[in-house]
Amino acid sequence: MAFYFSEPSRTFSEYLLVPGYSSKQHMVSNVSLKTPITKFKKGETPKISANIPLVSAIMQAVSDDKMAVSLAREGGISFIFGSQSIESQANMIKKVKSYKSGFVVSDSNLSPDATLADVLELKEKNGYSTIAITEDGTSKGKLLGLVTSRDYRISRMTTDIKVTEFMTKFENLIYANVGLTLSQANDILWEHKLNVLPIVDDNQNLQFLVFRKDYDMHKSNPNELLDSNKSFIVGAGINTRDYMERVPALVEAGCDVLCIDSSEGFSEWQKDTIEWIRENYGDSVKVGAGNVVDKEGFDFLANAGADFIKIGIGGGSICITREQKGIGRGQASAVIEVAKARDEYFEKTGIYVPVCSDGGIVHDYHMTLALAMGADFIMLGRYFARFDESPTNKININGNFVKEYWGEGSNRARNWQRYDLGGASNLKFEEGVDSYVPYAGSLHDNVNLTINKIKATMCNCGALSIKELQEKAKITLVSSTSIVEGGAHDVIVKDNFQNKI
Ligand code: IMP
């Protein structure tokens, strides 16, 4: 006879935290969000920890090298999407590992035959106001000039005017040659009151740009997540099909942690993949697995040797798996059961296998709930897709800015191997949608706000660490009527007033 769960499965919005006692010690500045990413034995420290419990989803629309650098700067980890060729994924990893903090390979470049219209289009597309004009329009081409918003006035110029007529020409630029330190570059920025300093090689080929704001950021990012060589830590998604070729390329590129990317992880394919990695690399290559939603799934992957285990089926914002296949489980119920299984496994074996709540986070407080329910860290797609740093286009729809966000199981991504358990069926069907999300600005500003909210709630619960939150949290179910009580109610909110009359 089929097994029935006695309770309906629940989502984060059905819960709230009940505050506990907070002493004067419980201040945001005293909270640490450091959290383990990979498994460790009792009494030992994990090989990889994050300084904030946020990782970005293994998705084309979310995690490329740029996202990875920006998130590692804040203390989290990106898992660069695997639904691309092995070569291009390994190149993204190499870019992150060779990124010299503060030295940026220019993302916005045009050739000399471009016009003001091209400048405006590029600026709108990727949000950068500094554009390098290089001979061949590439990031490493011969530098002919720079265009910033100070170089043009839209009201006084026609958009077909060539960039060469208004750019600041190379001969008038202050630049430096490769080899100087970040601190030396910063001295030049200050001395000449510049916002950007181009760095060129002996042949005048552009190598990097150093921005004043990046230098400030570097100084003000105490949470940066670096390896022992001072390179950013980065992860990558793999699949259960081409791992024998993909894993060596990613390891060679310097990837710190891998994760098998699949909508359903309780499978022999995942076990085989982990076993192959252990046979070839022992414990030196770290690999997470998933996704699972119950104790049985957790135990299977923990016994198979996974370094961390991801939780969540069907809860992602772009996900239609539950509609298409009728499988899944409310994310809160899944996290609660799997976190309990993790603790039991630790008790029994002395090995702590961190668990990650993946998908379905809508509000910042959902993150605090996920942590309180036992998640060691949280994977987010929609959340990061909204920021400047995500790899997708920013689009203006009737004056509202949005960014594109599509599922790995949509026809756009065509990441079918994530869904077919390693088989080769030709009958593919979509498990994700292609969508827009509201544009939200910079990752730095948003993540800092989110982290402050999480820390403030933890203080309300009398906790200064995630472990303490998990021990002390008092979590209550809420009724649908009390959810109404939780928002502004029975008042006319001023922001909406004009639209209503
Ligand atoms: P979000 O943070 O709610 O947007 O969820 C992101 C998560 O959804 C990812 O980390 C994946 O686990 C999952 N996901 C990504 N693409 C798809 C898809 O096409 N269908 C179902 N789930 C997906």
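Residues numbered from 1 in each chain as written. Predicted model: local features only at pLDDT ≥ 70, side-chain atom pairs only at ≥ 80, totals over all residues. Heavy atoms only, no water.

In the nomenclature of an unreviewed UniProt entry, the chain is known as IMP dehydrogenase of Helcococcus ovis. Here is the UniProt Catalytic activity (unreviewed entry) comment for the chain, exactly as written: "IMP + NAD(+) + H2O = XMP + NADH + H(+)". UniProt lists a comment for the chain under the heading Cofactor (unreviewed entry), and it reads "K(+)". (UniProt positions renumbered as here; feature names shortened; annotations may be inferred.)

A few words on the pattern of salt bridges. Following the criterion strictly, the structure yields 20 salt bridges and no others. Measuring nitrogen to oxygen at the nearest pair gives 3.3 Å for the salt bridge that ties Lys 295 to Glu 344. In this pair, Lys 295 is assigned in helix α9 (residues 295-304) and Glu 344 in helix α11 (residues 331-349), connecting sequence segments 49 residues apart. Lys 310 is paired through a salt bridge with Asp 358; the nearest N and O atoms lie 2.8 Å apart. With Lys 310 in strand β17 (residues 308-311) and Asp 358 in strand β19 (residues 355-358), this residue pair connects regions lying 48 residues apart in the sequence. Accessibility classification places Lys 310 together with Asp 358 in one group, the buried group. The structure contains a network of salt bridges with shared partners spanning Lys 295, Asp 299, Lys 340 and Glu 344. (Salt bridge = Lys/Arg side-chain N within 4 Å of Asp/Glu carboxyl O. Helix = DSSP H or I, 4+ residues; strand = E, 2+ residues; numbered from the N terminus. Buried < 20%, exposed > 50% of the residue type's maximum accessible area, 1.4 Å probe, protein only.)

What follows is about the UniProt feature "domain: CBS" (unreviewed entry) in the chain. Within the UniProt annotation, "domain: CBS" (unreviewed entry) is assigned to residues 103-163 and 167-225. Between the end C-alpha atoms of residues 103-163 the distance is 25 Å, and the span holds 20% helix and 18% strand.

Between helix α1 (residues 65-74) and helix α2 (residues 86-98), whose axes approach to 9 Å, the crossing angle comes to 35°. Between α1 and α2 lies a crossing whose hand is right-handed. Across from Asp 65, Ala 68 and Val 69 in α1, the residues of α2 making contact are Met 92, Lys 95 and Val 96. Looking at the contact of α1 with α2 residue by residue, the classes come out as four nonpolar, no polar and two charged. (Axes fitted to C-alpha atoms, helices over the stretch in contact; angles between N-to-C directions. Left-handed = near helix turned anticlockwise from the far one by under 90°. Contact = heavy atoms within 4.5 Å. Nonpolar A, V, L, I, M, F, W, Y, C, P; charged D, E, K, R; others polar.)

For the rest of this paragraph, the subject is the site of the ligand. Taken together, 24 residues surround the ligand, and among them Ser 317, Asp 358, Tyr 405, Gly 409 and Glu 431 come closest. Within the backbone of Glu 431, one N or O atom sits 2.7 Å away from a nitrogen atom of the ligand. For the ligand, whose accessible area on its own is 500 Å², the fraction buried by protein is 96%. Applying the majority rule of atoms within 2 Å of the grid points places the ligand in the largest cavity. A per-class count over the shell around the ligand returns eight nonpolar, eleven polar and five charged. (Near = heavy atom within 4 Å. Polar contact = N/O pair within 3.5 Å; in protein donor to acceptor, adjacent residues only side chain to side chain. Areas by Shrake-Rupley, 256 points an atom, 1.4 Å probe, with all protein chains shown as cover. 1 Å grid on protein atoms, 1.4 Å probe; cavity = no way out; pocket = protein on both sides within 12 Å on 5 of 7 lines; lining within 4 Å. Sits in = over half its atoms within 2 Å of the grid points.)

Okay, the sheet that holds strand β7 (residues 109-110) next. Spatial strand order, β7-β8-β9-β10: four strands in an open sheet with mixed pairing. Unpaired on one side and paired on the other, β7 and β10 (168-169) mark the two borders of the sheet. With two bridges joining them, β7 and strand β8 (residues 131-134) adopt parallel strand pairing. When the bridges of β8 are listed, Leu 110 appears paired with Ile 133. (Pairing = 2+ DSSP bridges.)

Cis geometry marks the peptide bond from Gly 290 to Asn 291, where omega comes out at 5°. The residue Asn 291 is located in strand β16 (residues 286-292) in this model. A positive phi angle is found at Lys 193, which is not glycine, with a value near 55°. With respect to the helices, strands and loops of the structure, Lys 193 is situated in the loop between α5 (182-191) and β12 (196-200). Among the residues examined, Lys 193 registers a relative accessible area of 68% and is labelled exposed. Residue Gln 204 is not a glycine yet carries a positive backbone phi of 70°. In this fold, Gln 204 is placed in the loop between β12 and β13 (206-211). Taking the relative accessible area as the measure of exposure, Gln 204 reaches 21% and is therefore partly exposed.

Turning our eyes to something else, we now look at the layout of surface pockets. Counted as a void, the second largest pocket has a volume near 290 Å³. If you trace the second largest pocket, you find 15 residues lining it, with Pro 36, Phe 40, Tyr 352, Asp 376 and Lys 467 closest to the centre. Contributions of two or more residues to the lining of the second largest pocket are made by β2 (35-36) and α15 (466-472). Among the elements that make up the lining of the second largest pocket, the one with the highest residue count is α15 (three residues). Here the residues of the lining of the second largest pocket sort into six nonpolar, five polar and four charged. (Points joined across faces, edges and corners; volume = space filled by probe spheres on them.)

Let us look at empty space enclosed by the protein. Within the structure shown, the criterion is met by two cavities of 30 Å³ or more. Quantified by volume, the largest cavity comes out at close to 400 Å³. What lines the largest cavity is a set of 33 residues, and nearest its centre among them are Gly 316, Ile 318, Asp 358, Gly 359 and Arg 418. Listing elements by their share of the lining of the largest cavity, those giving two or more residues are β20 (377-380) and α13 (382-385). Taken together, the residues of the lining of the largest cavity sort by class into twelve nonpolar, 14 polar and seven charged. If you go around the second largest cavity, the residues you meet are Ile 58, Gly 82, Ser 83, Gly 237, Ile 238, Asn 239, Asp 261, Asn 415, Gln 417 and Arg 418. Residue classes in the lining of the second largest cavity are distributed as two nonpolar, six polar and two charged.

What follows covers the UniProt feature "binding site: K(+)" (unreviewed entry) in the chain. Under the present numbering, the feature "binding site: K(+)" (unreviewed entry) in UniProt falls on Gly 314, Gly 316 and Cys 319. Filtering the just-named annotated residues for those lining the largest cavity gives Gly 314, Gly 316 and Cys 319. Of note, Gly 314 is situated in the loop between β17 and α10 (321-325). The buried category is assigned to Gly 314, whose relative accessible area is 18%.

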